2 protein chains.
Amino acid sequence: MNSKPEKIIFKGHIRLALSVLGGKWKLEILYYLRQATLRFSELQELMPEVRQKVLTEQLRELEHDGLVTRTVYAEVPPRVEYGATPYAHALLPVLEMLCDWGQEHEKRTEALAAAKEAQESR
Amino acid sequence: MNSKPEKIIFKGHIRLALSVLGGKWKLEILYYLRQATLRFSELQELMPEVRQKVLTEQLRELEHDGLVTRTVYAEVPPRVEYGATPYAHALLPVLEMLCDWGQEHEKRTEALAAAKEAQESR
DNA sequence: CAGTATCCTAAGGGATACTG
DNA sequence: CAGTATCCCTTAGGATACTG
């Protein structure tokens, strides 16, 4: 058996992950679905900048990739609820880290900008 | 002070992170630079599918966002080395998790496909 | 070696309108 | 309510060629 401790990351795996998560709003959707199922309209309210069409598309793709569940209630008016699957939940820590990093990055960028300004007004 | 334990993720932070890491090859580049600095040509060999122009662009953007360092050695022929900054290193755990997840996802997808086939030949 | 300079294509989304 | 159906447009990234 190959017991090489070397960490081998197959390019394919990053690429695969990116292909699934690459949509502009997918991570955000998953984040909103992390704890509760939400109706389509609730997601829309949370993300007003996203067009219905696009939101639907992204949800369909996430569903296809097994990250969200879609439950249709045969009522009038129709009700559709979206939830996160276990596979999506496995992604949450990643999301949180990404977010923390984004926060750090923001701080850093601001600090840099401030420093630059100070230098320019010198 | 606001001691609300509630986890607030500002949309902006995911979006910010995505805007920095969104390039098609950026995560992969960062991965290759995780341990050692590499020359431009070495990166090219590692990622033959990426055109020079694109590789250059992605590197420039990463540099601009403070994720990679670019060192030019005034030699003939020119030598340029790229390295990862501490900010990039803070991202490595995320990368690894993403990768692991990609691997899981692959397995799952294969399992699903196999199951489907079995059912169809029934 | 490590780039720029052009040109071009594909596709992910955006905007608006219509419907079961 | 929760979608489809169109049309359109930007832009990231690909292909090829040229240079300090």
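Q: Honestly, the packing of aromatic side chains in this entry has me stumped. Any pointers?
A: Aromatic ring pairs are defined here through the distance separating the ring centres and the angle between the ring planes. Inspection of the entire model under this criterion finds two aromatic pairs over all chains. Ring centres of Tyr31 of chain A and Tyr32 of chain A lie 6.3 Å apart, and the angle between their planes is 65°; on these two criteria the pair is classed as edge-to-face. In this structure, Arg34 of chain B is placed above the aromatic ring of Tyr31 of chain B, and the distance from its NZ or CZ to the ring centre is 3.7 Å.

Q: Is there a simple way to explain the relation of the copies chain B and chain A in this structure?
A: In summary, the two copies of the chain are related to each other by a rotation about an axis coupled with a shift along it. Superposing chain B onto chain A takes a rotation of 180° combined with a translation of 0.0 Å along the rotation axis, leaving an RMSD of 0.1 Å. Classification of the inter-copy transformation places it as that of a two-fold axis. Ranked by how close their C-alpha atoms come to the rotation axis, the residues of chain B are headed by Val94 of chain B, at 2.8 Å. Most of the interface of chain B is mirrored in chain A, where 100% of its interface residues again form contacts.

Q: Which parts of the structure should I look at to understand the protein's contact with DNA strand D?
A: Around DNA strand D there are 21 residues in total, and Gln52, Arg70 and Tyr82 of chain A together with Lys24 and Lys53 of chain B lie nearest to it. The protein-proximal atoms of DNA strand D, defined as those within 4 Å of the protein, are 62% sugar or phosphate. At 2.6 Å, a side-chain N or O of Tyr82 of chain A approaches a phosphate oxygen of DNA strand D. For the surface near DNA strand D, the secondary structure elements donating two or more residues are α3 (40-46), α4 (52-64) and β3 (79-84) of chain A together with α4 (52-64) of chain B. The biggest single contributor to the surface near DNA strand D is α4 of chain A, with four residues. Looking at side-chain class alone, the surface near DNA strand D contains eight nonpolar, five polar and eight charged residues.

Conventions adopted
Residues numbered from 1 in each chain as written. Chains lettered and ligands numbered in written order. Predicted model: local features only at pLDDT ≥ 70, side-chain atom pairs only at ≥ 80, totals over all residues. Heavy atoms only, no water. Phe/Tyr/Trp six-rings, centres within 6.5 Å; stacked < 30°, edge-to-face > 60°. Lys NZ or Arg CZ within 6 Å of the ring centre and 35° of its normal. Least-squares fit on C-alpha atoms with pLDDT ≥ 70 in both. Contact = heavy atoms within 4.5 Å. Near = heavy atom within 4 Å. Polar contact = N/O pair within 3.5 Å; in protein donor to acceptor, adjacent residues only side chain to side chain. Helix = DSSP H or I, 4+ residues; strand = E, 2+ residues; numbered from the N terminus. Nonpolar A, V, L, I, M, F, W, Y, C, P; charged D, E, K, R; others polar.

Remember that the coordinates give geometry; whether it matters functionally is a separate question.
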